[in-house]
Structure formats: structure tokens, C-alpha cells
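Single-letter residue listing:
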Amino acid sequence: MSLLEIRGLSKRFGPITAVDNVSFKVDQGEVLGFLGPNGAGKSTTMKMIAGFISPSAGGVSVLGEDVAEAPLKTKAAIGYLPEGAPTYPDMTPRGFLEFVADARGLKGPERKARIDYAVEHVDIGHVLDQSIDTLSKGYKRRVGLAQAILHDPPVLILDEPTDGLDPNQKHEVRELIRRMAPGKAIVISTHILEEVEAVCTRAIVIARGRLLAEGHPVEGGWQLGEHFAEPGRLDAVFRAITMGAPSSAQEAA
Amino acid sequence: MQGTGAVFKREFQGYFATPVAYVFICIFLFCTGIFTFYVGNFFARGQADLKAFFTFHPWLYLFLIPAISMRLWAEERKSGTIELLMSLPVSLAGVVLGKFLAAWLFTGVALVLTFPMWITVAYLGDPDHGVILAGYIGSFFMAGGYLAIGACMSALTRNQVIAFVLSVVVCFLFTVSGAPIVLDFFAGWAPQILVEAIASFSFLRHFNAITEGVIDLRDVVFFVSLIALWLFANAIAVEMRKAG
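Thresholds, definitions, all that
- Here the residue numbers are simple positions, counted from 1 along each chain's written sequence.
- Chain letters and ligand numbers both follow the written order, the letters beginning at A and the numbers at 1.
- Note on the predicted model: pLDDT of at least 70 is required for a residue's local features to be given, and 80 or more for side-chain atom pairs to be given and counted; whole-chain, interface and lining totals, by contrast, use all residues.
- To obtain the side-chain values, all non-hydrogen atoms of the structure were used and water was disregarded.
- Lines fitted to C-alpha atoms define the axes, with helix axes restricted to the stretch in contact, and inter-axis angles between N-to-C directions lie between 0 and 180 degrees.
- Helix and strand definitions here come from DSSP, where helices need a minimum of 4 consecutive H or I residues and strands a minimum of 2 consecutive E residues; each element is numbered from the N-terminal end.
- We call two directions roughly parallel when the angle between them is under 35 degrees, roughly antiparallel when it is over 145, roughly perpendicular when it lies between 65 and 115, and oblique otherwise.
- Crossing handedness: left-handed means the near helix sits turned counterclockwise from the far one by under a right angle, and right-handed means the same turn made clockwise.
- The criterion used for residue contact is that any of the two residues' heavy atoms lie within 4.5 Å.
- Amino acid classes used here: Ala, Val, Leu, Ile, Met, Phe, Trp, Tyr, Cys and Pro are nonpolar; Asp, Glu, Lys and Arg are charged; the rest, including Gly, are polar.
- Here the term buried applies to any residue with accessible area under 20% of the maximum for its type, exposed to any over 50%, and partly exposed to those in between, with areas from a 1.4 Å probe on protein chains only.
- Two N or O atoms count as a polar contact when they lie within 3.5 Å, although within protein this holds only if one can serve as hydrogen donor and the other as acceptor, and sequence-adjacent residues are included solely when both atoms are side-chain atoms.
- Each of two parts loses accessible area, computed with a 1.4 Å probe, when they are put together; buried area is these two losses added.
- Between Lys or Arg on one side and Asp or Glu on the other, a salt bridge is scored when a side-chain nitrogen of the former is within 4 Å of a carboxyl oxygen of the latter.

Chemist: When you look at the packing of helix H2 (residues 20-39) of chain B against helix H8 (residues 92-112) of chain B in this model, what are you seeing that I'm missing?
Modeler: Two measures define how a pair of helices packs: the angle their axes make with one another and the distance between the axes. Residue and element names in this part refer to chain B. It is at 9 Å that the axes of H2 and H8 come closest, and there the two elements cross at 45 degrees. Looking at the two axes, H2 sits oblique to H8. In terms of crossing hand, the pair formed by H2 and H8 is right-handed. Packed against H2, whose contacting residues are Ala21, Phe24, Ile25, Phe28 and Leu29, the element H8 presents Phe106, Val109, Ala110 and Leu111 at the interface. For the contact of H2 with H8, the per-class residue count stands at nine nonpolar, no polar and no charged.

Chemist: Is there a simple way to explain helix H14 (residues 203-211) of chain B in this structure?
Modeler: Each α-helix turn comprises 3.6 residues. Residues three or four places apart therefore point the same way. All names here are of chain B. Within the span of H14, buried status applies to Phe203, Leu204, His206, Phe207, Ile210 and Thr211. Each element contacted by the buried residues of H14 is listed here: helix H4 (51-54), helix H5 (57-69), helix H10 (129-155), helix H11 (160-176) and helix H15 (217-241). Here H14 starts with a cap whose side-chain oxygen sits 3.2 Å from the backbone nitrogen of Leu204, and that cap is Ser202.

Chemist: Explain the interface of chain A and chain B to me, please; I cannot follow it from the model alone.
Modeler: The figure often quoted for interface size is the accessible area lost as the parts come together. In this complex, chain A contributes 24 residues to the contact, which on the side of chain B involves 22 residues. Buried area between chain A and chain B, summed over both chains or domains, comes out near 2,200 Å², and the portion from carbon and sulfur atoms is 69%. Summed over the shared surface of chain A and chain B, the result is two salt bridges. As a salt-bridge pair, Asp102 of chain A and Lys9 of chain B come within 3.3 Å of each other at their nearest N and O atoms. Counting the contacts that link chain A with chain B gives four residue pairs in polar contact (both at pLDDT 80 or more). Elements supplying a minimum of two residues to the side of chain A that touches chain B: helix H2 (71-77) and helix H3 (93-103) of chain A. Among the elements that make up the side of chain A that touches chain B, the one with the highest residue count is H3 of chain A (five residues). Classifying every residue of the side of chain A that touches chain B gives 15 nonpolar, three polar and six charged.

Chemist: What should I look at first to understand the environment of Leu231 of chain B in this one?
Modeler: All names here are of chain B. One can find Leu231 in helix H15. Each C-alpha atom of the pair Leu231 and Ile210 lies 23 Å from the other, and the pair is 21 residues apart in sequence. Discounting residues that sit within four places of it in the chain, Leu231 has contacts with Val96, Leu97, Phe100 and Ala148.

So this is what it looks like as C-alpha cells:
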């Protein structure tokens, strides 16, 4: 059984189809790169997986449970980093993580152990009692990540986890994802293609809400749909796939 | 309910982590003092009661409560933290309730801090303490009513200024719905029963009834059901506006 399964997922906002019949599965140990240009529907898909918005059609199962039918169960099994890694600026990272732990129902020694684990993994021990407002962008992102891995979830959904970070910070976040990968099913959205080569075991490309190609590393590079890309040349393939995509908005008109 | 405790704790501590709590409490105490002694003529009345104090509570709440409630949901929507919050394993009802209870307890703290008034009147004369206690209870329930309206308005927008203005307007309508300013509008054409129904929504009417010293179950039920209704609307507003 796949830890995460998306079946025919669609989301319409009025006349606009943001996500159009997208299906994929993610198994344990996989890091799925969710690629697409800005506005392709990546974040909308992730919001539906996280149970924040409900799909217009199709469904999401996490550990075999349907997100629409058992939202509290699936939310408990998911660690989610929303786009932009929102946190409460007035709180300290410690207060913030304690709040998330409380909301996730962690108690006593386990609560403390989980917070320590998350703090250590994203290396924010020395800023724990500083208000989040005063932290740099990199540290804010780490606090957001700490919140996502706090309860050691089997499924991790990370929306642009390295967006806006400097190269060293990007490297650290990727290391973190690699370290956690074996026991989990991880989905990361990105439009940075070097990231795919660095951490992903598989990738899917969407544009204008539609799933256009699926890919994986092969001998000497990446196979993405019908295209083969040598190391570092994913960009060209990505452009070929996404620029030639038919527009679902045009079809609807 | 799932998440009520965690949200309540975070929200309540949040008031004191920022200057919000201290500014609000100072202004509230300052205003109650001014109104009681200068506008309400506490001394000139020559009576050992807190009527001059309680009379102005609806008008103070009208502006101060929306200032508390405007950020409840608008801020979460603006900063995107609502997405984080609602993807935690918490129920929407639990979060709505947690936020409301934290804000309500906070106004309760501000209200309790007006105790020097009670001491003053007890020192100067021999007041009916039962009536004063009833006044405090009535004021607390009324604050809850204003808060529930404000929380719902805050869930309708991501702009705190709009949330504030909407809250003041709706709270004003509920405050004066028993007064000619509202009733005259309906009296000409609406059936008498509707006019009566509108008049019975008046916060002033129910609050004044309680401050007379009689805690009628009907007045308490009025405020509790009003709170429940607005919180229900609050939950619907959050659900509907989540995607936007």
C-alpha cells in the first residue's frame, strides 16, 4: 500500500481549473519532486493533500484513510510545510513548537522528546527563545520545517522548502530531507531543477493544473517523460514539456 | 473538542506576549474611570451603587471589543498561518471555540481589574453587593456577545481595518436595536411581531435588566445563544473563505 495516493484530483475556482485530474502515488522511501512553473497548481494540490481545502473531484488517501472522510487521522499522519513557511511572528520558536505539539496531542516526556528532536534536526537550538519576528529568513524556514517533522509523520508535504534560502541553507535542508527519506513518503514542490537531481527519487511535472510527465533518474541522467536529460540539463527538458502544454483554460472557453 | 485547549493557550498567552494586553487594559480602565466619575457623575448622584459605572459599558465595548476581535481570524488569513493551523489535526469548531474563549477570558481579566470601583463604592457607602455582582456578570456576558460578533466579522476578511469597521457597525445595530433609531425604520411597514423581535435583540435591554440586580435566566440565555449563533456563523465564514 502506498503511504500517499492521489486519485483524479481536481480543483476548480469558479471558471478556473487550478488542478485538473491529477493522480499519483508515493511509497515509503520515496522523495517525489513535484515540478511545475509558478501557478501550475502545485500549492493547490498540496493544500488538498494537507486537508486545508477540499477537492472539487477526486480524492486523497493517506495510509489508506481518505482525507475527506477521516481528516483528523490523515492530518495526524502528515507533516506539512505550507508555501512561504508561515509561522506566528510574535511567538518564540519554543512557544511555537510547544503549541504545535499541544495541537497534535503530544504530552509529557514524549512532547519534550519530539520538540528536542525537531530542534536538533533543523539546528535552531540557539535561537529558541528569540521572537520569530527577529529571525532571518533561513531560520524562519527552519522553524517551519521543525513544525512539519515534529510528530515524526510518515508523510511529509513540503511546499517549496528551499525557496528564498542561500546556497548553504539549501544544502542543509536537502541534507535533512535525504536523512529523513528512508522511513517516509516525501513530496517536495519546487521550480528549482537542481533540487530534483539533488534529493528526489522520482519527479512529476504539472503545468496549468495537468500532469504532463513523470520521471526518474536513469543511468547517466534523468528520464522525464519521453525526454532524456544529462546531469544539469533538466531545465531544457522542463521547458520543452511545460511550454508545449495545452492550456486547460483555453479548452474550457 | 480537538485543539480547543492548545489554541486557547496560545491565544491567551499571545495577548500578554505583545503590548496588546497592556494597552487594552490601560485604556479600558482609564475610560471606565473617566465615564464613571465625569460623565456618569458618580459622586453627584450620591448613591452607593455602580450604576454610573455599568451604564457606559455597552458604549465602551462597542469600540474596544472590535479592537480585540478584529485580529482573531483576519491576521491568520493575512499571514497564511491559517493554513498551518487548519492542517493540524484540530477541528474547526475546536479552533473557533478556543480563539473565542481566550479573547473572552482576556476581557474578563480587564473587567476584573476594575475592582477598585467596587472597593471605592463599598468604602464610601453601603452598596447592594448582589446588584454589583449581577452587573459584572451581565457585563461579562455582554462582552462575550460583542466578541462573538467581532470574531465572525474578522473571519470574513483578511483586512483588520475592515474587520474592525464591520464589527463596530454590527455591534452598534445590536446595541441599539431596541431604540427608535432602528425601530422607526421598521415600524412603518413591518408587522408588529417583527418589530418586537428586533427590539428584543437589544443588548441594552438585556444588559440593563441584569444590572438591575435580577439575573433572569432569559437574559443569560439570550447572550449565550447569541454567542453560539455568531460562533456558528464564524465557523461557516472560515470554511467558506479558506480557499480565497
